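Structural description and commentary
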Amino acid sequence: MNKTAIRLTAGLGALLVALPAMAQDLTFWSWRQEDRAQYEQFIDTFEAANPGITVTFETFEAANYNTILSTALAGGTGPDLMMVRAYGGLENVASAGYLEPLSAETIPALSDFAATALQAETMRSDQKLYAVPFASQTQLVIYNKGIFDANGITEPQTWDELVAASKKLKDAGVMPFANGTATAWQNETIVFDLTSSIMGKGFYDDLIAGKADFTDARFVEALTDLKAITEYFPDGFIGLDYPSAQQLFSSGMAAMFAGGSYELATFATQNPDIELGVFAAPGKTAEDEKLVGLYYDGGYAANANGANKEAALKFLNFVASQEFGQAFANSLNNISTIPGVTFDNPLLAEVAELNKSSIPYLMLVHFRYGEPSGSVLLQTEVQKLLAGQTTPEAAGKAITDGLAAWYEPFKK
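Residues numbered from 1 in each chain as written. Predicted model: local features only at pLDDT ≥ 70, side-chain atom pairs only at ≥ 80, totals over all residues. Heavy atoms only, no water.

1. Let's talk about the overall build of the chain
Of the regular secondary structure elements, the chain holds 17 helices and twelve strands. By its C-alpha atoms, the chain is 100 × 55 × 35 Å across when sized along the principal axes. Here the chain holds 412 residues, and the buried ones make up 53% of them. A total of about 17800 Å² of accessible surface is found on the chain, and carbon and sulfur atoms cover 53% of it. Between the averaged position of the 25 positive side-chain charges in the chain and that of its 48 negative side-chain charges there is a distance of 5 Å. (Helix = DSSP H or I, 4+ residues; strand = E, 2+ residues; numbered from the N terminus. Buried < 20%, exposed > 50% of the residue type's maximum accessible area, 1.4 Å probe, protein only. Areas by Shrake-Rupley, 256 points an atom, 1.4 Å probe, with all protein chains shown as cover. Lys, Arg positive; Asp, Glu negative; His and termini not counted. Charge placed at Lys NZ, Arg CZ, Asp CG, Glu CD.)

2. Let's talk about the packing of helix α9 (residues 217-229) against helix α16 (residues 374-386)
Each packed pair of helices is defined by two parameters, the angle between the axes and the distance between the axes. Relative to each other, α9 and α16 sit at 50°, their axes nearing to 10 Å. Considering the angle they form, α9 stands oblique to α16. Taken as a pair, α9 and α16 cross one another with a handedness that is right-handed. Of α16, the residues touching α9 (which contributes Phe219, Leu223, Leu226 and Lys227) are Leu378, Val382, Leu385 and Leu386. Split into classes, the residues belonging to the contact of α9 with α16 amount to seven nonpolar, no polar and one charged. (Axes fitted to C-alpha atoms, helices over the stretch in contact; angles between N-to-C directions. Parallel < 35°, antiparallel > 145°, perpendicular 65-115°, else oblique. Left-handed = near helix turned anticlockwise from the far one by under 90°. Contact = heavy atoms within 4.5 Å. Nonpolar A, V, L, I, M, F, W, Y, C, P; charged D, E, K, R; others polar.)

3. Looking at the environment of Lys170
With respect to the secondary-structure elements, Lys170 resides in helix α7 (residues 159-171). The spacing of Lys170 and Phe233 is 63 residues in sequence and 9.7 Å in space, taken between C-alpha atoms. Beyond its immediate stretch of four places on either side in the chain, Lys170 contacts Pro176, Glu231 and Tyr232.

4. Some points on the environment of Arg368
Within the secondary structure, Arg368 sits in the loop between α15 (362-366) and α16. The partly exposed category is assigned to Arg368, whose relative accessible area is 34%. Here the alpha-carbon distance between Arg368 and Gly89, two residues 279 residues apart in the chain, equals 7.8 Å. Within the local environment of Arg368, its side chain forms a polar contact with the side chain of Ser375, the two groups lying 2.6 Å apart. (Polar contact = N/O pair within 3.5 Å; in protein donor to acceptor, adjacent residues only side chain to side chain.)

5. Here we look at the nonpolar core
Among the nonpolar cores identified, the biggest contains 76 residues, and Phe28, Tyr300 and Leu316 are the most heavily contacted of them. Per-element tally for this core: the top contributor is helix α12 (residues 309-319), with seven residues. Counting 59 residues, the second-largest nonpolar core is a separate cluster that includes Phe203, Met256, Tyr296 and Phe367. (Core = buried A, V, L, I, M, F, W, Y, C linked by side-chain atoms within 4.5 Å.)

6. What to know about the packing of helix α2 (residues 36-49) against helix α13 (residues 322-332)
At a minimum axis distance of 11 Å, the contact between α2 and α13 shows a crossing angle of 155°. With respect to α13, the axis of α2 lies roughly antiparallel. The way α2 lies across α13 gives a crossing that is right-handed. Contacts between α2 and α13 involve Gln38, Tyr39, Phe42 and Thr45 from the former and Glu323, Phe324, Ala327, Phe328, Ser331 and Leu332 from the latter.

7. Considerations on the packing of aromatic side chains
Enumeration according to the criterion identifies 38 aromatic pairs in this entry. Summarising the aromatic geometry, the rings of Phe46 and Phe315 are spaced 5.0 Å apart at their centres and angled 80° between planes, so their arrangement reads as edge-to-face. In this pair, Phe46 sits in helix α2 while Phe315 sits in helix α12, placing the two residues 269 residues apart along the sequence. In this structure, Arg124 packs its charged tip against the face of Tyr369, placed 3.8 Å from the ring centre. (Phe/Tyr/Trp six-rings, centres within 6.5 Å; stacked < 30°, edge-to-face > 60°. Lys NZ or Arg CZ within 6 Å of the ring centre and 35° of its normal.)

8. Some words on the sheet that holds strand β3 (residues 81-84)
On the basis of which strands lie adjacent, the open sheet formed by five strands has the order β2-β1-β3-β10-β4 and mixed pairing. The open sheet has two free edges, formed respectively by β2 (53-59) and β4 (132-133), since each of these has just one partner strand. Taken together, the four bridges between β3 and strand β10 (residues 299-302) define a ladder with antiparallel strand orientation. Following the sheet pairing, Val84 is matched in β10 by Gly299. (Pairing = 2+ DSSP bridges.)

9. A few points about α13
Among all positions in α13, only Phe324, Gly325, Gln326, Phe328, Ala329 and Leu332 are buried. Just past α13, the residue Asn333 takes up positive phi, approximately 50°.

10. Concerning the side chain of Ser375
Structurally, Ser375 can be placed in helix α16. Polar contacts involving the side chain of Ser375 include one to the side chain of Glu188, which spans 2.9 Å. Leave out the neighbours within four places in its chain, and Ser375 touches Glu188, Met363, Leu364, Phe367 and Arg368.

11. Some remarks on the pairing of strand β7 (residues 254-260)
The element β7 is extensively covered by neighbouring structure, given that seven of its seven residues are classed as buried. The pairing of strand β5 (residues 135-144) with β7 spans five bridges and is classified as antiparallel. From the neighbouring strand, Val141 faces β7, where its bridge partner is Ala258. Relative to β7, strand β6 (residues 175-177) runs parallel, the two sharing two bridges. Bridge pairing in β7 links Phe177 to Met256.

12. A short note on the pairing of β3
The alternating pattern of β3 places Leu81 and Met83 on one face and Met82 and Val84 on the opposite face, and all of these are buried. Where strand β1 (residues 24-30) lies against β3, two bridges are found, and the strand directions are parallel. Residue pairing in the sheet places Phe28 in a bridge with Leu81 of β3.

What follows is the structure, encoded as structure tokens:
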């Protein structure tokens, strides 16, 4: 090689070294349209620490998100990064091979996550993890402290005290609960908001062990008490939809809302002056363990066929970090799954404490893996129960018989 060629080669080499790495643009899909501003802040933090990687956040309508995502992934036009559902909702996407399997080798922080959180984003057939879990949600009772104080009511310690407090409010001309059941999924949430403590951990353990089904007396009692307390729901609650019920509570027209921890930020936004409290709906006696219903809400995943997989994994390491978890909790007022996160919001800290005594939000966690799903069965039967078209015993049998179509322990 002559001297001119050597000099040219050396010059080209120096130029290549001087050039920055090729920019990598990641697309990130979500159903959380209402959280766009916060996610764009998270992305700014990530991009500042990772020059050369840009992330474009796109949101889609929540109800159709899984269909939109699966269709895009199947056609090869899916995103590099995506929010995915948990439990059965995860399996719909992961089972087709669209998601990159994750482990503590690729995302070291995962080794510190709670096993139950990881299980929510793990496919049962291969026991592989496919997403970084992002939040837990808690089913409980939210109340207006001002209304409680004005009526001399404290957090009830027994079911009878909850009923007595509801009666006192109604007699005083105050709406006790704001809930309605015209929105189908609300028929499911009120079961675990209000009766998890009545079912008890013993029922849950026996159910999962195959020693009980939904005809069990403990579940029937829970439905019986649920129907009874709807006496303190708004007049015409069966025709009251979810947004309207939220407005009844946030406007101060009702004292309580049987809902999820995800409601707290909404109520605070709708009425910044409202002072909120939370409690686990009690069991029959003061000695009964007060339980909330708990589940994990979803996770962050990477496209198994993405062109920028290395950059995508950097982003997943970022969303698994304590730095991200703390920002997530502070800005979205949500319970992060990341260990070590603290809560500036005292209500979130209280929810995190309540989570120490919980049972899983049953139908989502265990019975959405086949058709008909446990959620559809429960929602249908509770709607009929509250309309006086069935009994708690018949509802429990219908749920059990429906699940027996695919859930092995219930097959005769």
